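Next come the chains, spelled out residue by residue.
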Amino acid sequence: AFVLPGLINAHDHLELNHYGLLKFRSVHANASEWIDDVHPRLKSDGELLDAQRKPLADRLLVGGIKNLLSGVTTVAHHNPLYAELRRGFPVRLVRRFGWAHSFYLSGRNGNGQATRDSAALEIAGRYAATKGRRPFIMHVAEGSDAAASTEASRLDALGCLHANTVLVHGTGIEADQWKLICARRAGLVWCPASNVFLLGRTLDPHHLEQLVPRSLDRIALGTDSRLTGSRDLLDELRVADSLTSAGRDVLVEMVTRTPARLMQLGYAGRLQAGWPADLIVVPAALGRPADALLACRRADLQLVVVGGRPMVASPGFADAFSERPSTPVIIDGRPMVLDKAVAGRLARSSIQEPGVEIATS
């Protein structure tokens, strides 16, 4: 087997993963169209209303389980750090960051209305309030229309595009915009499955590397939520592999060292003596670690360890739990063991993770 650093999911909305894929037209020119389609239905669609009524703690837990079972040990959650995330969450979270949602949803008043000026004021204020030049994360250029193609420049004009800025999606980024982003030393999170589902297109990191050499180390990989994205980060890796010729070694960097650097995580992204033991074990079915990871699905993982604590293991690695309580589970048809506290929380949850069965005895 290969031992690899725990994976980092550079973009998720943890409380939205229980909805499933959702859209009401085949292709959107901009994520703003999707938002306008969905928001009225949140007040009238029975299934969506039921999903919204689920306890926030249960919704967040399923988002954490989604990530844990796919070998993710750290997640960048793009929403408030709710009280329910403060203690006992299955995976680590990026905790020191600033954020805004997007130009479209920023600056809205109590009636849900916004102007260009009010959005700019809120974004600039949130950036200024981001302490110590910590990461500032925002959806930018999530579309294929003219509005998306200028958002990086708009952010720059506000004084909010710098080395600590992390743009999410960037589907509408054109050559001049990418050169500007690189000149400002900002980073980008690529969510290809979500982009293709919503917009019918995505960017190609290999093409961006051709525009600005050595710029691949600015790009991390994220899943987005299951509202629009992949089931988990392992599936996202395979989607990414099918859409770029950047290479599998680069893709592994996009879920380890690169997001650790963009999110300023001094403890993550590689294996090093003295660091927290965030790691995964994958079967060496193929000759190289990158190939093995890309071939791996969540039921193939041999072991997931967060901070030295075994969390998920195959039967062959069950001895890792010799000094920690565990619970037998079935994951996608395969027997595994899961940290007992996490299994107990999932068993009590009003939302269940598809493909996971917990032993009742």
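As the structure is a prediction and not an experimental result, all values here were calculated from the model.

Reading guide: rules and limits
Residues numbered from 1 in each chain as written. Predicted model: local features only at pLDDT ≥ 70, side-chain atom pairs only at ≥ 80, totals over all residues. Heavy atoms only, no water. Pairing = 2+ DSSP bridges. Helix = DSSP H or I, 4+ residues; strand = E, 2+ residues; numbered from the N terminus. Contact = heavy atoms within 4.5 Å. Axes fitted to C-alpha atoms, helices over the stretch in contact; angles between N-to-C directions. 1 Å grid on protein atoms, 1.4 Å probe; cavity = no way out; pocket = protein on both sides within 12 Å on 5 of 7 lines; lining within 4 Å. Points joined across faces, edges and corners; volume = space filled by probe spheres on them. Nonpolar A, V, L, I, M, F, W, Y, C, P; charged D, E, K, R; others polar. Parallel < 35°, antiparallel > 145°, perpendicular 65-115°, else oblique. Left-handed = near helix turned anticlockwise from the far one by under 90°. Phe/Tyr/Trp six-rings, centres within 6.5 Å; stacked < 30°, edge-to-face > 60°. Buried < 20%, exposed > 50% of the residue type's maximum accessible area, 1.4 Å probe, protein only. Lys NZ or Arg CZ within 6 Å of the ring centre and 35° of its normal. Disulfide = S-S within 2.5 Å. Right-handed = clockwise from strand over helix to strand, strands pointing away.

Visitor: Even after reading the chapter, I still don't get the sheet that holds strand β7 (residues 165-169), so can you show me in this structure?
Guide: As a general point, the strands of a sheet are linked pairwise by backbone hydrogen bonds and lie either parallel or antiparallel. With respect to topology, five strands assemble into an open sheet ordered β5-β6-β7-β8-β9, the strand pairing being parallel. Of all the strands in the sheet, just β5 (98-99) and β9 (219-221) have a single pairing partner and so form its edges. Strand direction decides the pairing type here: strand β8 (residues 187-190) and β9, joined by three bridges, are parallel. Of the residues in β9, the one forming a bridge with Trp190 is Leu221. Contacting β8 and β9, helix α10 (residues 233-243) crosses the sheet at an angle of about 130° to β9.

Visitor: Whenever I open this one, empty space enclosed by the protein confuses me. Can you help?
Guide: Rolling a probe over the atoms, with the probe sized like a water molecule, indicates the empty space that remains. Summed over the entire model, instances satisfying the criterion amount to one cavity of 30 Å³ or more. In this structure, the largest cavity occupies an estimated 40 Å³ of space. Forming the walls of the largest cavity are Pro5, Gly6, Thr73, Thr74, Tyr267, Ala268, Gly269, Arg270, Pro276 and Asp278. Along the lines of polarity and charge, the residues of the lining of the largest cavity split into four nonpolar, four polar and two charged.

Visitor: What is the right way to look at the layout of surface pockets in this model?
Guide: There is about 950 Å³ of room inside the largest pocket. As for the largest pocket, its lining consists of 42 residues, of which Trp34, Ile35, His39, His101 and Leu105 are closest to the centre. Those elements that place two or more of their residues in the lining of the largest pocket are α1 (31-41), β6 (136-140), α5 (146-149) and α6 (151-157). Top element by residues in the lining of the largest pocket is α1. It accounts for six residues. Per-class residue counts for the lining of the largest pocket are 19 nonpolar, 14 polar and nine charged.

Visitor: Please clarify how the packing of helix α3 (residues 56-69) against helix α14 (residues 340-348) should be interpreted in this entry.
Guide: Two numbers describe a pair of packed helices, the interaxial angle and the distance between the axes. α14 packs onto α3 with a crossing angle of 135° between their chain directions and a minimal axis gap of 11 Å. Our classification of the angle between α3 and α14 gives oblique. Crossing geometry of α3 relative to α14 is assigned as left-handed. Across the interface between the two elements, Leu61, Ile65 and Leu68 from α3 touch Val342, Arg345 and Leu346 from α14. When the residues that make up the contact of α3 with α14 are grouped by side-chain class, the tally is five nonpolar, no polar and one charged.

Visitor: What exactly am I supposed to notice about the packing of aromatic side chains here?
Guide: To describe a pair of aromatic rings, one takes the distance between the centres and the angle between the planes. Summed over the entire model, instances satisfying the criterion amount to one aromatic pair. Taken together, a centroid distance of 5.2 Å and an interplanar angle of 80° make the contact between Tyr127 and Phe136 edge-to-face. Look at Phe136 and you get buried, because its relative accessible area is 0%. If you follow Arg126 out to its NZ or CZ, it ends over the ring of Trp99, 4.8 Å from the centre. Cation over ring: Arg154 sits above Phe103, and NZ or CZ is 4.0 Å from the ring centre.

Visitor: Got a minute to help me understand the sheet that holds strand β13 (residues 326-331) in this structure?
Guide: Taken in spatial order, the seven strands make up an open sheet running β1-β10-β11-β12-β14-β13-β15, and their pairing is antiparallel. Across the chains shown, the open sheet's two edge strands, defined by having one partner strand only, are β1 (2-5) and β15 (356-358). Mean inter-strand twist for the sheet, computed between neighbouring axes without regard to direction, equals 25°. Here four bridges tie β1 to strand β10 (residues 279-282), and the two strands are oriented antiparallel to one another. Opposite Leu4, over in β10, you have Ile280 as the bridge partner. Of the strands in this sheet, β11 (303-306), β12 (309-313), β13, β14 (334-339) and β15 are in contact with α3, which crosses β12 at around 80°. Across the sheet, α14 touches β12, β13, β14 and β15, and the angle it forms with β14 is around 105°.

Visitor: It is not clear to me how the state of the cysteines should be interpreted in this structure. Could you clarify?
Guide: When the sulfur atoms of two cysteines share a covalent bond, that bond is a disulfide. Taken as a whole, this structure holds zero disulfides when the rule is applied. Between Cys191, a free cysteine, and Cys182, which holds the nearest cysteine sulfur, the sulfur-to-sulfur gap is 18 Å. Overall, Cys191 belongs to the buried group, its relative accessible area being 0%.

Visitor: For this particular structure, what's the right way to read the pairing of β8?
Guide: Within a regular strand, the side chains alternate between the two sheet faces. Of the two faces of β8, the one lined by Gly187 and Val189 and the one lined by Leu188 and Trp190 are each fully buried. Two elements, β7 and β8, share three bridges in a ladder whose sense is parallel. Bridged to Val168 within β8 is Val189. Running through helix α7 (residues 175-183), the crossover from β7 to the neighbouring parallel element β8 is right-handed.

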